[in-house]
Amino acid sequence: MAYNLLKGKKGIIFGALDEKSIAWKTARQCYEEGAQIVLTNAPVALRMGEINKLAEACGDAPVIGADVTSMDDLKALFEKSTEHFGGKIDFVLHSVGMGLNVRKGKDYTDLNYDWNHKTFDVSSMSLHRILKTAWDLDALNEHASVIALTYIAAQRVFPDYSEMADAKSLLESITRMFGYYYGVKKKVRINTISQSPTKTTAGSGVKGFENFMTYAEKMSPLGNAPAEDCAKYISVMFSDLTRYVTMQNLFHDGGFSFTGVTPEVLESMG
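Residues numbered from 1 in each chain as written. Predicted model: local features only at pLDDT ≥ 70, side-chain atom pairs only at ≥ 80, totals over all residues. Heavy atoms only, no water.

The protein chain goes by Enoyl-[acyl-carrier-protein] reductase [NADH] in an unreviewed UniProt entry, where it is assigned to Niabella ginsenosidivorans. Per UniProt, the comment on the protein chain under Pathway (unreviewed entry) is "Lipid metabolism; fatty acid biosynthesis." Listed in UniProt under the heading Sequence similarities (unreviewed entry), the comment for the protein chain reads: "Belongs to the short-chain dehydrogenases/reductases (SDR) family. FabI subfamily." (UniProt positions renumbered as here; feature names shortened; annotations may be inferred.)

**Q** Looking at this structure, how should I read the sheet that holds strand β7 (residues 249–252)?
**A** The strands that make up a sheet are held in pairs by hydrogen bonds between backbone atoms, and each pair lies either parallel or antiparallel. Reading across from one edge, β3-β2-β1-β4-β5-β6-β7 is the order of the seven strands in this open sheet, with parallel pairing throughout. Two strands lie at the open edges of the sheet, namely β3 (63–65) and β7, each paired on one side alone. With strand direction ignored, the average angle separating the axes of adjacent strands in the sheet is 20°. Of the strands in this sheet, β1 (10–14), β2 (36–41), β4 (89–94), β5 (140–150) and β6 (189–195) touch helix α1 (residues 22–32), which is tilted by about 165° from β1. The strands that helix α9 (residues 227–238) touches are β4, β5, β6 and β7; relative to β6, the one it contacts most, it runs at about 165°. (Pairing = 2+ DSSP bridges. Helix = DSSP H or I, 4+ residues; strand = E, 2+ residues; numbered from the N terminus. Axes fitted to C-alpha atoms, helices over the stretch in contact; angles between N-to-C directions. Contact = heavy atoms within 4.5 Å.)

**Q** Explain the environment of P197 here, please?
**A** You can see P197 is positioned in the loop between β6 and α8 (209–219). Separated by 79 residues in the primary sequence, P197 and K118 have C-alpha atoms spaced 23 Å apart. Leave out the neighbours within four places in its chain, and P197 touches Y151, F209, F212, M213, A216 and N224.

**Q** What exactly am I supposed to notice about the confidence of the model for the protein chain here?
**A** In low-pLDDT segments, the atomic positions of the prediction should not be examined closely. Across the protein chain, the average pLDDT comes to 95, with 97% of residues at 70 or higher. Predicted confidence in the protein chain is weakest over helix α2 (residues 43–48), with a mean pLDDT of 87, and strongest over β4, with 99. (pLDDT = per-residue confidence, 0-100.)

**Q** Is there a simple way to think about the environment of V102 in this case?
**A** Summarising the element assignment, V102 is placed in helix α5 (residues 100–103). On a C-alpha basis, the gap between V102 and G11 in space is 31 Å, while along the polypeptide they are 91 residues apart. Look past the residues within four positions of V102 in its chain and what remains in contact with it is D160, Y161, S162, E163 and M164.

**Q** I keep staring at the side chain of H94 and nothing clicks. Help me out?
**A** With respect to the helices, strands and loops of the structure, H94 is situated in strand β4. Judged by its relative accessible area of 0%, H94 is buried. Within the structure, H94 has its side chain in polar contact with the side chain of S126 (distance 2.8 Å). Residues in contact with H94, not counting those within four places in the same chain, are F14, V122, S123, S126, L127, I130, I147, A148, L149 and L171. (Buried < 20%, exposed > 50% of the residue type's maximum accessible area, 1.4 Å probe, protein only. Polar contact = N/O pair within 3.5 Å; in protein donor to acceptor, adjacent residues only side chain to side chain.)

This is the structure we're talking about:
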């Protein structure tokens, strides 16, 4: 069900890879809510994924490749997007992450620092680059909304999440810092959404993921939040209904983040 929350709004969605991804579902939801969108991902991801199918389902949305570690690519992306829209941008979704040490099975106490640097560059500093590019080009409308996806491992220890926990902590810090400056300058709001563990292509690559999904389900009073519902929450955050929410880390996790223990978890240990 759609509510026309984003009628007349224009936005860029980073990171839609396939139908499992939150960015993919968010693009569909935003389009259903009346928005026009531009889709973007790294050139290699565009070759691997099925983004053209998504573009067709979203009113033949343009697909523009961009390496989020390249200022030149991001500048071209924003320039082409504003040209396509015939004006400035109202929302941006940052759904970008890559943990090289996690992917290659390196323990947190034995990180390859070159890989670690790349993880931070892609997963965290990319948000700063995106925001700086938009800032320099004056590409965002007043009261625009930027959302980045994060995870509770930024606040709590989940050993197998390894270096990505540090990357998410940095991502959330950038959200607060740039949120202040962009709020003062143009009333732009910047927030992170901390989602339940979700069966995306990236998430499923974390060691012990299936067992943790089960644990999180037992720990969450409402159960794990599905990706489809995360997309709905994001669309609300992109709408004019949330104009005074900024610099926040917003949990969308069925109550997991504030639950100490549940009978279901205790029973499973007996």
